[in-house]
Amino acid sequence: MSKQKSSSSTSQVTSFSKRAARSLSRRLRDYGVVEPEGFDLSDVPSSDVALYFSDGPVKLYQLTQWLPVFEQRTDRKTIVVVRQVETYNVLVGMTSLQVLLVPTFEDLMALYDRADFHSVVYVNNGWTNFQSLSFQQAVHIHVNHGESDKICMVSNQAKAYDKVFVAGEAAVRRHSAALVWFDPQHLVRVGRPQLDLQVKNPLAPFDGPTITYAPTWEGEDDANNYTSVDLYGERIIAAALAQPGARVIYKPHPRVFETENAAVRKAHNAIVSAIKSAASADPSRGHAVLRKENILGVIRGTDVMISDVSSVTLDHLYLRPEAPIVLCDRRSNRDQLLADAPVAAGAHVVDGANIHALTADLAAIIASDPRAAKRRELRDYYFDSLEPGESTTRFWECLSAAIYDHDSALGDLSRVRLAPTTDSGDSA
């Protein structure tokens with residue numbers, strides 16, 4: 001009888017505790033307090049990889065480009081960890097990966113402690129990354145969200161991660177030039193796995209050349225401002241539309257559409273208007289403004305890429321090295337551009353000194369391309385001479401090797417379960 005009584009009493013207490021918790025939950029929500037979603041701390045899922053993202057929806061492009069890479073490896077379980085409820089609401093249903101909302105530091109540490117993550121992967125340098133780095137039992141790997149020559153691609157925060165995965169030799173030299181007292185052994189060259197994905201070209205077949213203008217946004221500050229939209233955008237579109245028989249595509253960075261920069265907004269609106277007018281005047285040409293289409297697919301249908309110092313330019317270099325690049329330099333400093341962005345050596349550079357001649361220059365580029373051999377050389381320099389498919393293989397080999405080495409160093413043999421089976425790829 002006493003055992004039955006004890007069992008009944010325990011059940012009542014448990015039931016009361018759950019009711020109290022639900023009541024507290026409702027009160028907390030009434031006051032705008034965000035609770036964890038997608039899991040219960042008493043029943044936490046385990047995973048090899050935590051893909052960490054702390055920012056809001058406006059920066060989701062940094063994460064979403066990585067989702068297909070992790071989705072395709074079902075033998076390496078990945079859980080997406082986000083910190084903002086708006087981001088969680090957008091992601092749920094967008095990916096086959098499990099998504100967890102962990103708004104507070106206390107819940108994040110409780111999750112990490114229970115989930116037994118072997119690695120935490122970061123796609124940017126969000127300030128709460130340092131909260132996540134407090135967890136000692138996993139290897140922390142920064143992968144960034146693209147390969148470009150922008151100044152923001154190298155941060156002193158790189159010193160905080162166990163490993164920094166980069167595309168190739170250009171990125172290694174970029175870090176060495178910018179950082180003092182940084183150990184280059186932390187850098188691991190893995191190429192760019194996103195460029196291995198089979199992304200469909202959204203553009204319809206077209207007989208003439210397709211010229212794509214894909215500018216970047218204006219950045220967080222002047223040092224990170226590489227956009228050509230405000231300075232050259234309208235004249236670039238006019239020159240492109242003037243090419244006989246050419247199709248013109250405008251595919252700006254997602255943040256250009258919501259820019260608060262008055263000059264960029266004005267030029268962007270004028271560009272959209274010009275494209276729409278040209279499309280209306282001659283529907284057979286197929287001129288278009290693209291917003292949601294994947295730029296990696298658009299590149300596959302592009303014959304001449306006009307862009308800025310950004311990942312788009314280098315993605316085009318990798319996917320279409322045979323197709324010319326027109327690189328915009330808003331600072332009109334050719335020597336500095338060549339030093340900061342080696343890809344400029346394989347491109348026609350547009351700046352304040354020669355923008356007036358772009359109509360004729362584009363015609364000459366379409367007719368003859370003298371920089372093709374240089375672009376092939378630069379492609380190997382930026383992407384470690386990797387061919388399609390090889391970046392993905394190296395990325396997973398290097399990730400598995402990092403987990404194995406870290407778990408082994410901890411001395412807990414029960415955690416060592418991801419031993420690499422092939423060569424782990426080149427390090428810096």
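Residues numbered from 1 in each chain as written. Predicted model: local features only at pLDDT ≥ 70, side-chain atom pairs only at ≥ 80, totals over all residues. Heavy atoms only, no water.

Okay, the nonpolar core next. Within the largest apolar cluster, 63 residues are counted, with the highest numbers of intra-cluster contacts made by Leu63, Phe70, Val80, Phe165, Phe395 and Leu399. For this core, the element with the highest residue contribution is helix α15 (residues 390-410), accounting for 6 residues. If we skip the residues at most four places from it in the chain, valine 80 touches Leu51, Leu63, Leu67, Leu91, Leu97, Gln98, Val99 and Leu100. Counting residues in hydrophobic clusters, the runner-up holds 29 residues, among them Phe39, Phe117, Tyr122 and Ala138. (Core = buried A, V, L, I, M, F, W, Y, C linked by side-chain atoms within 4.5 Å. Buried < 20%, exposed > 50% of the residue type's maximum accessible area, 1.4 Å probe, protein only. Helix = DSSP H or I, 4+ residues; strand = E, 2+ residues; numbered from the N terminus. Contact = heavy atoms within 4.5 Å.)

What follows concerns the pairing of strand β12 (residues 325-328). Covered by surrounding structure in β12 are Ile325 and Leu327 together with Val326 and Cys328, the residues of both alternating faces. One ladder, built from 3 bridges, connects strand β11 (residues 304-307) with β12; its direction is parallel. Pairing of serine 307 across the sheet is with leucine 327, part of β12. Each parallel crossover has a hand, and the one from β11 via helix α11 (residues 311-319) to β12 is right-handed. As paired elements, β12 and strand β13 (residues 348-350) share 3 bridges and run parallel to each other. Residue pairing for β13: leucine 327 is matched across the bridge by valine 349. Traced from β12 through helix α12 (residues 334-340) to β13, the parallel crossover comes out right-handed. (Pairing = 2+ DSSP bridges. Right-handed = clockwise from strand over helix to strand, strands pointing away.)

With that out of the way, let us pick up the sheet that holds strand β8 (residues 210-214). In spatial order, the strands read β10-β9-β8-β11-β12-β13; together these 6 strands make up an open sheet with parallel pairing. Edge positions in the sheet fall to β10 (288-289) and β13, since each has one partner strand and no second.

Right, let's get into the pairing of strand β9 (residues 247-250). Of the two faces of β9, both are covered, the one formed by Arg247 and Ile249 as well as the one formed by Val248 and Tyr250. Both β8 and β9 contribute to a ladder of 4 bridges, which runs parallel. Note that in β9 the partner of threonine 210 across the bridge is arginine 247. Each parallel crossover has a hand, and the one from β8 via helix α8 (residues 229-241) to β9 is right-handed. In terms of strand pairing, β9 meets β10 through 2 bridges, oriented parallel. By the bridge assignment, tyrosine 250 is partnered in β10 with valine 289. Of the crossover connections in this fold, the one passing from β9 over helix α9 (residues 262-281) to the parallel β10 is right-handed.

Here we come to the packing of aromatic side chains. In the structure shown here, the tally under the stated rule is 13 aromatic pairs. Considering the side-chain rings of phenylalanine 70 and phenylalanine 395, the 5.8 Å spacing of their centres and the 90° angle between planes classify their relative orientation as edge-to-face. Taken together, the residues span a long stretch of sequence, with phenylalanine 70 in helix α3 (residues 67-71) and phenylalanine 395 in helix α15 at a distance of 325 residues. The buried category is assigned to phenylalanine 70, whose relative accessible area is 1%. (Phe/Tyr/Trp six-rings, centres within 6.5 Å; stacked < 30°, edge-to-face > 60°.)

Here we come to the pattern of salt bridges. One pass over the full model with this rule turns up 21 salt bridges. Of the charged contacts, one joins arginine 291 and glutamate 258 as a salt bridge, the two residues approaching to 2.1 Å between their closest N and O atoms. Of this pair, arginine 291 sits in the loop between β10 and α10 (295-300) while glutamate 258 sits in the loop between β9 and α9, placing them 33 residues apart in sequence. For glutamate 387, the salt bridge goes to arginine 379, with nearest N and O atoms at 3.5 Å. A relative accessible area of 3% means that arginine 379 is categorised as buried. Each member of the salt-bridge network shares a partner with another, and the members are Glu169, Arg173, Arg189, Asp384 and Arg394. (Salt bridge = Lys/Arg side-chain N within 4 Å of Asp/Glu carboxyl O.)

Geometry only, nothing functional implied.
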